[in-house]
Amino acid sequence: APPSNGTARQSAMQIERDTVMPGPPERAFAFVDDLLSYPTWMDLVHDVHEVPATDDQPAWEVELQAQVGPFARSKRLRMVRTIHEPGRRVVFERSEIDGRRHSPWILSATLTRHATGESSNGECTRLVMTLTYEGNLWTGALLQRVLDDHVERGADALRALLVETDVADETN
């Protein structure tokens with residue numbers, strides 16, 4: 001649930017998914033490290049294009065889209081990778097260059113080795129993904145639930161993708 005401190009400022013919405021994925025952290029990291037790969041496993045991410053970097057930070061234009069009943073909500077964001085610790089942690093933050101003030105969007109992924117699991121060799125990764133938003137467009141319990149559902153489906157799809165590649169690695 002979003003934090004509540006009793007003030008009138010915009011409230012933050014935070015969604016966190018903590019899941020175990022098959023294989024080593026480096027393999028899962030390859031899917032969470034580059035926003036171009038997100039549409040293959042995260043249906044919330046409708047479209048992604050790489051754009052010129054600023055201050056040596058890779059950047060992407062990302063279109064998020066979520067279905068709410070018969071309506072679709074979408075949002076275009078310019079995201080930069082602000083933290084990059086290969087195999088362990090990546091953080092993307094909204095960083096528009098139009099000179100206007102924009103609501104923060106932050107997506108982080110933290111990976112650690114997990115003792116046992118469903119991988120063929122027993123090696124697994126704990127992946128914690130957190131999406132934080134502090135604006136008005138995607139607020140309210142209904143939209144938070146919709147975003148949470150998208151993130152949950154994305155975690156399931158990523159796990160399935162990693163299981164697929166694990167099986168493919170076994171047969172080669």
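Structure shown above.
Draft legend 1. Inspection of the overall build of the chain at higher detail. Counting its regular elements, the chain contains 2 helices and 7 strands. Moving toward the C terminus, one meets the helices and strands of the chain in the order β-α-β-β-β-β-β-β-α. Expressed as a percentage of its 172 residues, the buried residues of the chain come to 40%.

Draft legend 2. Region of interest: the packing of aromatic side chains. What the rule picks out here adds up to 4 aromatic pairs. Centre to centre, the rings of Y38 and W41 are 4.7 Å apart; their planes meet at 40°, and the pair counts as tilted. Summarising the burial analysis for this pair, Y38 and W41 share the class buried. Through a chain of ring-to-ring contacts, three or more aromatic side chains come together here, namely Y38, W41, W60 and F92.

Draft legend 3. Here's a closer look at the pattern of salt bridges. With the rule as written, the count across this model stands at 14 salt bridges. Measuring nitrogen to oxygen at the nearest pair gives 3.1 Å for the salt bridge that ties R113 to E26. Remark: E26 occurs in helix α1 (residues 25-32) and R113 occurs in strand β6 (residues 105-114); sequence separation between them is 87 residues. Across the pair E96 and R94 runs a salt bridge whose closest N-O atoms are separated by 2.9 Å. E96 gets classed as partly exposed once you look at its relative accessible area, which sits at 26%. Residue classification places R94 among the buried positions, given a relative accessible area of 15%. Bridged by salt links that share partners, the residues R17, R145, D148, D149 and E152 form one connected network.

Draft legend 4. Representation of the sheet that holds strand β4 (residues 71-85). Strand order in the open sheet made by the 7 strands is β1-β7-β6-β5-β4-β3-β2, with antiparallel pairing throughout. Single-partner strands in this sheet number two, and they are β1 (13-22) and β2 (45-54). Each strand of the sheet is rotated relative to its neighbour by a mean of 20°, with strand direction disregarded. Note that strand β3 (residues 57-68) and β4 share 10 bridges and pair antiparallel. Counted as the bridge partner of W60 is M79 from β4. The strands that α1 touches are β1, β4, β5 (89-94), β6 and β7 (124-133); relative to β6, the one it contacts most, it runs at about 165°.

Cut-offs applied
- Residues numbered from 1 in each chain as written.
- Predicted model: local features only at pLDDT ≥ 70, side-chain atom pairs only at ≥ 80, totals over all residues.
- Heavy atoms only, no water.
- Helix = DSSP H or I, 4+ residues; strand = E, 2+ residues; numbered from the N terminus.
- Buried < 20%, exposed > 50% of the residue type's maximum accessible area, 1.4 Å probe, protein only.
- Phe/Tyr/Trp six-rings, centres within 6.5 Å; stacked < 30°, edge-to-face > 60°.
- Salt bridge = Lys/Arg side-chain N within 4 Å of Asp/Glu carboxyl O.
- Pairing = 2+ DSSP bridges.
- Axes fitted to C-alpha atoms, helices over the stretch in contact; angles between N-to-C directions.
- Contact = heavy atoms within 4.5 Å.

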